[in-house]
Each structure stands twice: as structure tokens, then as C-alpha cells.
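# Breakdown of the fold
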Amino acid sequence: MTNISVEDITGDAPQQEPITDWKQYFSFSTDHKVIGIQYIVTAFILFLVGGIFAMIIRGELITPESDLVDRSVYNAMFTMHGTVMLFGWTFPILTGFANYLVPLMIGARDMAFPRLNAVAFWMIPIAAILLMASFFVPGGPAQAGWWSYPPVSLQNPTGNLINGEVIWLLAVAISGVSSIMGAINFVTTVVKMRAPGMTFFRMPIFVWNVFSAQIIQLFGLPVLTAGAVMLLLDLTVGTSFFDPAKGGDPVLFQHFFWFYSHPAVYVIILPVFGVFSEIFPVFARKPLFGYKIVAISSLLIAGVSGIVWVHHLYVSGTPGWMRLFFMLTTMFVSVPTGIKVFAWTATIWGGKLRFDTPMLFAFGALILFVFAGITGITLSSVPIDVHVNNTYYVVGHFHYVLYGTVTMGMFAAIYFWFPKMTGRMYYEGLGKLHFWLAFIGTNLNFFPMHPLGLQGMLRRVSSYAPEYEFWNIIASIGGFLLGVSTLPFILNMIGSWIHGEQAPKNPWRAIGLEWLVSSPPPVENFEEIPVVVGEPYGYGKSEPLVAEH
Amino acid sequence: MKIRNILILSAIAIALTAVSLLIGQWTYSWMPPQAAAESQLVDKLFSFLITLGAFIFLGVTGTLIYSAIFHRAEQYDTSDGPPIEGNITLEIVWTAIPVLLVFWIATYSYQIYEQMGIQGPMEAMHLHIPIGMKSASAAPINGDAGIVSASPTSSIVSTDATSSVIPFEDIEVNAKQWAWVFRYPKTGITSTELHLPVNHRIRLAMQSEDVLHGFYIPAFRVKQDIIPNRNIDFEFTPIRIGKYQLTDSEFSGTYFATMRANVVVESPEDYKKWLAETANRKPCTANNQAASEYAQESKELIKGWVTVAPAQAPVVNYSN
């Protein structure tokens, strides 16, 4: 099994015992593949919860008046929507894929610290249940937005010690600790557990990007977690780090918060860039163009990400020199990002393209990402940000990033590796239906936010001036369409997992260590650890990837 | 063949440029009316960025969509594409282009920012002297009419016959959950509506009583957070007579959406007349949406939770 670009290595029956017992997914397993799927399924359930909150928000905003839910309920909805989607969906799903794929892709039997891995996962459902429990405390869940800026987050009208905001902060801290555990595990695994011959410049870009993203987690998350704990102390025992009434500085919290939470965007999107880099070469049947520069650009993004956070504070009493310095650093992110976009375009150009569902999603997500990149540049420019900061223009921009790119990219990943993970093929027709509903829904939902923001409609408002109604109706229709688009997906996943056609070990004729093992892979991944002798993405080159034994 | 390719590429580039320029011009219609000098600068910069952005977006997605249509594999074709792995020249060029673009965009944005001269917090003010627009405390905006500059506390003498003399003052802005109150220190009047003379540099002294608020007038394209315990100075120049909306741009709690106020830009004569008339009015409690919603039973389908009580409704000379 040396040459993967030969026509047919499909159709092998699983040689080793695959994972078949569904009960193990509810157990404290230390198998990275089981944990990966646990993460992915948990994240998707939370995605549905966050999606229901989004439907309520769009339902309220379909008319200018506040007439569907009370203002306090509305505030809780957008707070919990943001929290659940970020801490419950994007981070866990990406951790899930990284968990499943990184050991397989680098030729390891498991993660470096399997038990730590399992503990890190189980903290996610705990944090999620805690967060949902806050609906049942007297004052309701947190209502200060997912940024939780003080002093609003320090106001506690019920006077109870146990309130939504306290629970929110605990949940965020738990999720942060879980991610720090994960980051230690990933970085160690990539550095120490690679198969013989798997040099850094033979690693798939997905691994490069997970590695870069987890480095950000290591330096950024302790800062956010510290900020959350300080706010918790202000709220419960009366310290005054951030409370201006007692001499604290609320802007300090914003620095703590964004020092991590902007780089967090790159933590989320880098693995998606990795997914693009895996999918485009396969479905274009060409090597990844500029492999090395694409790999290095990931580390560059991680590096620059440490000095961009103040662009969230342009109008928060930030001196002029700081506004301008962070404008330049923020714009600079577009350089390594641009390198990647050009590399993907060159990979696709002149290829033998096939638009199966994973490719459709990746391709659509790339187009949406280019759009988001353009609006991102306008936002980094101080004078324009002064106008559109905290308006729907920003909301539109980051939803193009977080739904258009990250979520669509994750669906691409799910369809692409579904056969590997489950040993079954999904239904192509339902996959394509899902794509078109999601792609149209994304544009209907998030494009109107740009004109709304330019006109001055603010984010987080529960009612608005009547002149904003037209675009809001379109956005709400798009939002409901996105809700509908998950139905064929759920049907497809459940139906295929139970009744789908048996998947061969390499249905896409892809090159990579994970495609050399059966679908689903055996418990310890490899009967014998492979010796890597070739470059990744050797499409059209008929060079061996691993040594014959 | 080579020449033909160059011709085709040039034609595409020209077409793309034309379309991008058109979209760039179109951006002006996406914005509210230009009611402040700052808005002209911001709109110019935005138009420039969107022109560039449209060129890049159309170029990249055009290439991708062209591939998607014309580079598809035949149904039973399982062969591979050309194994092209890289091209050093191309890679250097497409790294250099974004680097140059970044410096171009940043420099231009910097120039526009300097010209706007919006002031932020006090500590920054002394470090930073805008070059484009003179500070309100140094000179009035109609610099073309031979103006004698004045110290912040004295009134400004203008030789311009058409514009009448407006005494310089910092208008005080007080933000609280959930109301705006404006105070004119010279006359001591208070109002829930912000009245401003047209074509004069305005300086606001902003304060918050409780949480973070944001001062934002979309038609002026200016925004500034107001932070409790800090004095925030802020400057801009309204240039268009009319009525505009001021909104709170930093989430300030339950009734955030109700925290709006009218901004009335009027001729210097009308402005002075308003000041004089308002000074004669007795203070009374202004209407306040947050306070009245808080007092009423909620009409919504889904009922909420206990909320922070709104601050005392403002008592002012003038309310709308």
C-alpha cells in the first residue's frame, strides 16, 4: 500500500475490529476517536440550542417594536446565543475534528495524554448544563452580552449571590480550563508523537493549523480565564478590579477580554483553513499550491494574532497612537490570509474539479470568506470602524466569518470525513440540498446586516427605528431558512449512520495517513506505525507516501 | 497565443476596474446623509476601500467560478490534474501585493483619521493635535473667513458677515440608564434634545453616571464610548441643517434600545433663539420610555425577569 494515486485501493473490508458499540460514546473512553465524535455530537446539539436562540432573536427583530419577548428575555437570548455558539459549538467541534484527525494524520496511536483528553471533553457537557441551568435561577440567565462588559455585568437586580452572570462566568472559566488542557495535549502530540519520517514539512496543513491555533490557546486563554475570575470576584465578594463605582477600571476588562477573544477567531478559523487545504487538492486532483508558504502563513497568523486586540477598543477611550498602531497590525493579518486564499485559488485553477458535498461546502465557504475578508479590512480602518463599530455591519462581517466560513467549513469537514468516522456513506442528494439551503440562507441572513449597519442600526437592540424594517425582514427570512437547512443534515447523518452504504477505506481517493486505515479505523489506528517517505498532497505525482514493509 | 492572453487579461482587468469604480461610487448611497464634516471624510475612505475590495473580490471569486464552470472533471475521468506545486515568482508577487496594499490603506486611513481630529479621552487630547480640523477650543470651523482665535473660555470673534457669533462652550453630555441629558453651561439650560449650530466646530464634555454608554450619531459618522469616572472630550462639525438621531452604541442594559435622542442642527440664529427661549422655560420632568416601560406591565408574549430600575427621569428645561 504505497501509492495512493493509483486508481483503486477502495473496497477493502475492515481488517481490524472497528468501533461499533454506540454505548461507548456515553462512556469515559480515552480513545481519541471516540472523544472526537463525542465532541462533535455534543457541539452539534449545542449548535441547535444556539440556533433556537437565534430564531427568537430574528423573530423579535422582524418588526421594529419590541413585541415578541420582554427586553430582558431578548438580552438573555443574544447573550446566550453568542456564548453557546462560541463556547459550545465552534470550539468543541473544532477540537472534536482535531482530536479525531491529528493522531491519524501524523501516524500516532493516540493523543499524548489520553486521560487528560477525556477529562477535557467531559468538562464541556458540564459547562453546557450549568449554562442552561441559569434559565432557572430567579433573575434568569446572563444578560450582559457575550462580552460581559462591566459595569452592566456587575449590576445584579435580584441581589442573589447565585445569579445568571455568576453561572455564566463559571461556565466560561470551565470551558477555558478545558481548552487549556486540550491545547497542552495537541501541542505535545504534534511535537512528540509524529511517525518516523513525518517531518514538520510533511505534515498535512490541517495539522499545521491545529498546531498554530493551539499555540494561541496557550498564551491567550489564561488571560481570558483570569479576567473572568476577576470579574467573578468583583461580582461576588466585592473586589473592585473593574467596578468604576469603587475606583476600578471597566476598560481594563475589555483589554483582558479581547486579548484572548480576538485571537480566538483565529483559533476557530485556522482549523477551517486546514479543512480547505485538505479538501481542495482532493477534489481538484492537484497538489496544494505553495504548500510551504501556506504552512508558514498559519504560524504567522498565530503570531500576529497576539497584537490585534485593541481594534475592538478604537472607540473605548483609546489614545490615538494606539488606534493607529493596532490598525496597522490588524490589517497585516490580511497578508498571510491572502497568501492562503491565493494558494487555494491556484490549487483549484486548472484542476479536474468534482463537486461532491464536501467540495461544495468548502468552495461556498471560501467565497463567503473572501467577502468577509473585504469587510474585515474596512473594519480595521479606524475612521470607518468609528462609524460602524457596534452596528450590524460588524455583526454581518463576523457572521460571514463564523457561519459562512467556519460553520460551512465544518459541514464540509463532516461530509468529508463522515465515511472515515462511521464506515458509512452519506446521501449525496440530501447533502447538496443542505448546501444550497445553507448557502442561500447565509447570504439572505447576513448580507442585509451590512446596509443596516452602514445606516446606523446598532447591534443588541430589541427594537429599532422603522426605516430599518425592510432589511430586517429579509435577514429574518434568511435566519429561518438556516434553521430549516439543518433538517436535511440531521436526517442525512442519522439515516446514513444507520442505513448508509458501506464506505471503503478511501472513498475520495485522497492522500493521507488517515485514508490508509479501514473505515472506521481500528482502536489503535495502525497495525504497524507507518514510515512516511513522501510529501503530502502528491496528487498526479505517483510518488509513495509511506515506505513498503 | 501569448499576445492574445495578454490582451484578454488586460480587457478583464479594465472591465474589473470599471465595475469596481462604479461600485465605489455607489457606496455613497449606502450611507445616511452627510451631516457632519467628518462624514465626508469617512465616506470618501469607505468608497476607496470598497473600490479596492470589489476589485479583489470580483477577481478572486471570478477566477474560482470560472474554474468551477470550465475546469470540471468529465463524469468517468478519474485522472489527476497537472501536478503544479508552486511557483516562486508568483508566490513572491502575491505576498508583495497585499503588503503594499496594507501600507497604502493604512496610510490613507491614518490621513483621514488625522483630518477628522475627533478627540477622545482627556489624556489623549494633549498628545494629539489634529492637522485637518482645528480644535473647537482653538478656533471656530469657518477658518476661511479670517478668524481671530480665542482662548477656550472667551467668545470667538468672527469677521464673517453671514455667520453670527456663537459663544464657545463645551456642551455637557450626561448619559445614564436610560436617558441623555444635555447642559449648556453658559446659559445653564438643560435639554433632552441636542441643539447644535451648523458649521461650527462642536466640543462635548461627556460623562456617564452608571455604566458604559456610547455617543453615536450615524449621520455624523462619529462615535465615542463614555466611561464612568472619566471626562471624555469629543469634537465634530455639523454641516447640514436637519434633525438626526443620537443613539447609545455601547450595550447599557435592559432598556438599551430606548436610549435615543434627537439632534437638531440649525442655523446660528435659530440656535441662539432656541437657547434664549429655552432659558425662560421652567424645568419639568421629561418623557422617558425606559421609565414608563418599567412602570407598566409588559405586553410581550414571553415575560422576563427582574431588571435594573431606570435612573430618575431627567428634569430639564426643554424636552421633545
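Residues numbered from 1 in each chain as written. Chains lettered and ligands numbered in written order. Predicted model: local features only at pLDDT ≥ 70, side-chain atom pairs only at ≥ 80, totals over all residues. Heavy atoms only, no water.

A separate point is the overall build of chain A. Of regular secondary structure, chain A possesses 16 helices and zero strands. In terms of overall dimensions, chain A is globule-like: its C-alpha atoms have a radius of gyration of 23 Å, near the 24 Å expected for 549 residues. If one aligns the C-alpha atoms of chain A with their principal axes, the spans along those axes are about 70 × 50 × 45 Å. Residue pairs in contact within chain A that sit at least 24 positions apart in sequence constitute 82% of those at least 6 positions apart. When the accessible surface of chain A is totalled, it reaches about 16700 Å², and 70% of it is carbon and sulfur. A gap of 7 Å separates the mean positions of the 25 positive and 29 negative side-chain charges of chain A. (Helix = DSSP H or I, 4+ residues; strand = E, 2+ residues; numbered from the N terminus. Rg over C-alpha atoms; globule rule 2.2 N^0.38 Å. Contact = heavy atoms within 4.5 Å. Areas by Shrake-Rupley, 256 points an atom, 1.4 Å probe, with all protein chains shown as cover. Lys, Arg positive; Asp, Glu negative; His and termini not counted. Charge placed at Lys NZ, Arg CZ, Asp CG, Glu CD.)

Residues and elements named next belong to chain A. Interhelical geometry of helix α1 (residues 32-60) versus helix α2 (residues 71-106) gives an angle of 155 degrees and a closest axis separation of 7 Å. Between α1 and α2, the angle falls in the class roughly antiparallel. Note that α1 runs across α2; the crossing there is left-handed. Considered class by class, the residues forming the contact of α1 with α2 number 25 nonpolar, nine polar and two charged. (Axes fitted to C-alpha atoms, helices over the stretch in contact; angles between N-to-C directions. Parallel < 35°, antiparallel > 145°, perpendicular 65-115°, else oblique. Left-handed = near helix turned anticlockwise from the far one by under 90°. Nonpolar A, V, L, I, M, F, W, Y, C, P; charged D, E, K, R; others polar.)

The subject of this paragraph is the pattern of salt bridges. Residue and element names in this part refer to chain B. Scanning the entire structure with this criterion turns up 14 salt bridges over all chains. When the shortest N-O distance is used, the salt bridge between E38 and R201 registers 2.7 Å. Of the two residues, E38 is situated in helix α2 (residues 37-70) and R201 in the loop between β6 (194-197) and β7 (202-208); the sequence distance between them amounts to 163 residues. Classification of R201 as buried rests on a relative accessible area of 5%. One network of salt bridges, in which partners are shared, links E38, D170, R201, R203 and E235. (Salt bridge = Lys/Arg side-chain N within 4 Å of Asp/Glu carboxyl O. Buried < 20%, exposed > 50% of the residue type's maximum accessible area, 1.4 Å probe, protein only.)

All names here are of chain A. Among the structural elements, A365 can be located in helix α11 (residues 357-380). Between the alpha carbons of A365 and R202 there is a distance of 26 Å; along the sequence they are 163 residues apart. Contact partners of A365, with chain neighbours within four places excluded, come to F276, G404, T405, M408 and G409.

All told, the structure shown has 84 aromatic pairs over all chains when counted by the stated rule. Geometrically, the ring pair formed by F219 of chain A and F259 of chain A is edge-to-face, given 6.3 Å between the ring centres and 65 degrees between the ring planes. Here F219 of chain A is found in helix α5 (residues 205-236), whereas its partner F259 of chain A is found in helix α6 (residues 250-261), with 40 residues between them in sequence. Look at F219 of chain A and you get partly exposed, because its relative accessible area is 31%. When the centroid spacing of 5.7 Å and the interplanar angle of 75 degrees are considered together, the rings of F371 of chain A and F57 of chain B count as edge-to-face. (Phe/Tyr/Trp six-rings, centres within 6.5 Å; stacked < 30°, edge-to-face > 60°.)

A few words now on the interface of chain B and chain A. Taken residue by residue, the interface counts 94 residues in chain B and 108 residues in chain A. Across the chain B/chain A interface, buried area totals approximately 8300 Å², and carbon plus sulfur atoms make up 68% of it. For chain B, the biggest contributors to the area lost against chain A are W94, F251 and W305 of chain B; these three give 10% of the whole. Inspection of the region where chain B meets chain A yields five salt bridges. When the shortest N-O distance is used, the salt bridge between R71 of chain A and E293 of chain B registers 2.6 Å. Summed over the shared surface of chain B and chain A, the result is 32 residue pairs in polar contact (both at pLDDT 80 or more). For the side of chain B that touches chain A, the elements supplying multiple residues, two or more each, are α2, α3 (88-116), β9 (222-226), β11 (242-248) and α6 (289-295) of chain B. Ranked by residues supplied to the side of chain B that touches chain A, first place goes to α2 of chain B with 16 residues. Looking at the side of chain B that touches chain A, its residues break down into 50 nonpolar, 27 polar and 17 charged. (Buried area = accessible area lost by both parts, 1.4 Å probe. Polar contact = N/O pair within 3.5 Å; in protein donor to acceptor, adjacent residues only side chain to side chain.)

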